[in-house]
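# Notes for the structure review
Spelled out, the chains give:
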Amino acid sequence: MKTQEKYFSRKSAPERSARMVETIFGCKWSLTVYQLLANGINRPGEMVRSVEGLTTKVLNECLKRNVQFGILERITYNEVPPRVEYTVTTFGTKFIRILDELEKLQSDIECDV
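Described in the following lines is the structure provided in the data block.

With that settled, consider unusual backbone geometry. Of note, the bond from Val80 into Pro81 is cis; its omega dihedral lies within 30 degrees of zero at -5°. Structurally, the position occupied by Pro81 is in the loop between β1 (72–77) and β2 (83–88).

Printed below as a string of structure tokens:
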């Protein structure tokens, strides 16, 4: 009797993208930062003033993580006083679109229950 050959290997989550999603959702402020950027608020000081409970330290950690993943870009202007702004990268736009789809999926799940 012949044994059947296995055609499919075990599928696992993509390591880097899964870690990125976990890290971004682990930071409760990331989605708020994306919302601020979508509304034209791109300077850290303005972000802190716009959101109750958001501290400069936590915001800087969140922004740094997003820059490391390539979701946001940090733009530094050579001025006195120094000025820093953040923008969403092309990759970040795609990533945020996926997060929006996850939010829609969650809404669908809540409607079905």
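Turning next to the packing of aromatic side chains. Summed over all chains, the structure comprises one aromatic pair. Taking 6.2 Å as the distance between ring centres and 25° as the angle between the ring planes, the aromatic pair formed by Phe91 and Phe95 counts as stacked. Residue Phe91 and its partner Phe95 are both found in helix α5 (residues 90–112); the two are separated by four residues, about one turn of the helix. The exposure class of Phe91 is partly exposed, given its relative accessible area of 36%.

Below, the discussion takes up the environment of Val33. Within the secondary structure layout, Val33 lies in helix α2 (residues 30–38). Remark: the alpha-carbon pair of Val33 and Met47, spanning 14 residues in sequence, is separated by 7.6 Å. Residues contacting Val33, with those up to four places away along its chain left out, are Met47, Leu59, Cys62, Leu63 and Leu72.

Within soluble globular proteins, side chains that are nonpolar tend to cluster in buried spots. Of all hydrophobic cores here, the largest spans 23 residues; its most connected members are Ile24, Val33, Tyr34, Met47 and Ile71. Of all the secondary structure elements, the ones that give two or more residues to this core are α1 (15–26), α2, α4 (56–68), β2 and α5. Ranked by residues supplied to this core, first place goes to α2 with four residues.

Glancing now at the side chain of Asn66. Note that Asn66 resides in helix α4. On the basis of relative accessibility, which here comes to 0%, the residue Asn66 falls in the buried class. Within polar-contact distance, the side chain of Asn66 engages the backbone oxygen of Cys62 at 2.8 Å. The contact partners of Asn66, leaving out residues within four places of it in the chain, are Ile24, Ser30, Tyr34, Ile71 and Leu72.

Two side chains that carry opposite charge are able to pair once their charged atoms sit near each other. One pass over the full model with this rule turns up three salt bridges. In this structure, the salt-bridge partner of Glu85 is Arg83, at a minimum N-O distance of 2.9 Å. Among the salt bridges present, the one from Lys104 reaches Glu101, with a minimum N-O distance of 3.3 Å. Placement of the pair is Lys104 and Glu101 together in helix α5, with a separation of three residues, close to one helical turn. A residue is classified by how much of its surface remains accessible, and Lys104, at 48% relative accessible area, is partly exposed. Glu101 sits in the partly exposed class, given a relative accessible area of 45%. Look at the salt bridges and you will find they share partners, linking Glu79, Arg83 and Glu85 into a network.

About the criteria used
- Residues numbered from 1 in each chain as written.
- Predicted model: local features only at pLDDT ≥ 70, side-chain atom pairs only at ≥ 80, totals over all residues.
- Heavy atoms only, no water.
- Helix = DSSP H or I, 4+ residues; strand = E, 2+ residues; numbered from the N terminus.
- Phe/Tyr/Trp six-rings, centres within 6.5 Å; stacked < 30°, edge-to-face > 60°.
- Buried < 20%, exposed > 50% of the residue type's maximum accessible area, 1.4 Å probe, protein only.
- Contact = heavy atoms within 4.5 Å.
- Core = buried A, V, L, I, M, F, W, Y, C linked by side-chain atoms within 4.5 Å.
- Polar contact = N/O pair within 3.5 Å; in protein donor to acceptor, adjacent residues only side chain to side chain.
- Salt bridge = Lys/Arg side-chain N within 4 Å of Asp/Glu carboxyl O.

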